[in-house]
Amino acid sequence: MRDLILPTARFSPVQRIHANQKVILFDVMDTLVADPFFRGFHADLFGFSSVKQLFEVKDQQSFLAFESGAITEDEHFATYFCDRRPVDGAK
């Protein structure tokens, strides 16, 4: 029986499931759980007046690489902005 490795950039250790097991994922953001990203994240953490303003300077490739497990959280913080300004990951 072959194991599958589920990519997890945020949590470790990596979770393993057997190939014959079924996994159901639920997206509960903005239904059961308030998504902080669109509720002031841009202003509270970075001082931008809108999400649009944040997206103008945010490196989208860094986010995609982080979410797919290609880079670590520390690498994501180091490449969060296109101009590579520092990000305090502890916030």
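Refer to the structure above for everything that follows.
Cut-offs used in this document
- Residues numbered from 1 in each chain as written.
- Predicted model: local features only at pLDDT ≥ 70, side-chain atom pairs only at ≥ 80, totals over all residues.
- Heavy atoms only, no water.
- Helix = DSSP H or I, 4+ residues; strand = E, 2+ residues; numbered from the N terminus.
- Buried < 20%, exposed > 50% of the residue type's maximum accessible area, 1.4 Å probe, protein only.
- Areas by Shrake-Rupley, 256 points an atom, 1.4 Å probe, with all protein chains shown as cover.
- Phe/Tyr/Trp six-rings, centres within 6.5 Å; stacked < 30°, edge-to-face > 60°.
- Lys NZ or Arg CZ within 6 Å of the ring centre and 35° of its normal.
- Arc of directions from axis to C-beta.
- Contact = heavy atoms within 4.5 Å.
- Polar contact = N/O pair within 3.5 Å; in protein donor to acceptor, adjacent residues only side chain to side chain.
- Core = buried A, V, L, I, M, F, W, Y, C linked by side-chain atoms within 4.5 Å.

Caption draft 1: Structural detail: the overall build of the protein chain. For the protein chain, the count of helices and strands is four helices and two strands. Taking all 91 residues of the protein chain together, 20% fall into the buried category. Of the roughly 7,200 Å² that the protein chain leaves accessible, carbon and sulfur atoms contribute 57%.

Caption draft 2: View of the packing of aromatic side chains. Throughout the structure, instances matching the rule amount to five aromatic pairs. Taking 5.3 Å as the distance between ring centres and 25° as the angle between the ring planes, the aromatic pair formed by Phe46 and Tyr80 counts as stacked. With Phe46 in helix α1 (residues 41–46) and Tyr80 in the segment after α4 (73–78), this pair connects stretches of sequence that are 34 residues apart. Overall, Phe46 belongs to the partly exposed group, its relative accessible area being 23%. Between the aromatic rings of Phe46 and Phe81, the centroid separation amounts to 5.1 Å while the plane-to-plane angle is 85°, which identifies the pairing as edge-to-face. Of this pair, Phe46 sits in helix α1 while Phe81 sits in the segment after α4, placing them 35 residues apart in sequence. Of the aromatic side chains, those joined through ring pairs into one cluster are Phe41, Phe46, Phe48, Tyr80 and Phe81. Taking the ring centre of Tyr80 as reference, the NZ or CZ of Lys58 above it sits at 5.3 Å.

Caption draft 3: Inspection of helix α3 (residues 60–67) at higher detail. Along α3, the positions that sit buried rather than exposed are Ser62, Ala65 and Phe66. Projection of α3 onto a plane perpendicular to its axis shows the buried side chains occupying an angular sector of 100°, all on one side. On its buried face, α3 is in contact with α4. Capping the start of α3, Asp59 holds a side-chain oxygen 3.0 Å from the backbone nitrogen of Gln61, two or three residues further along. The first or second residue beyond α3 is Gly69, which carries a positive phi of 85°.

Caption draft 4: Seen up close, the nonpolar core. Phe37, Phe48, Val51, Leu54, Tyr80, Phe81 and Val87 together form the largest nonpolar core, which totals seven residues. When residues no more than four places from it in sequence are discounted, the contact partners of Phe81 are Phe46, Phe48, Leu54, Val57, Lys58, Asp59 and Val87.

Caption draft 5: Expanded view of the side chain of His42. Take His42: it is sitting in helix α1. His42 sits in the buried class, given a relative accessible area of 12%. Setting aside residues up to four positions removed in sequence, His42 forms contacts with Phe37, Gly47, Phe48, Ser49, Ser50, Val51 and Leu54.

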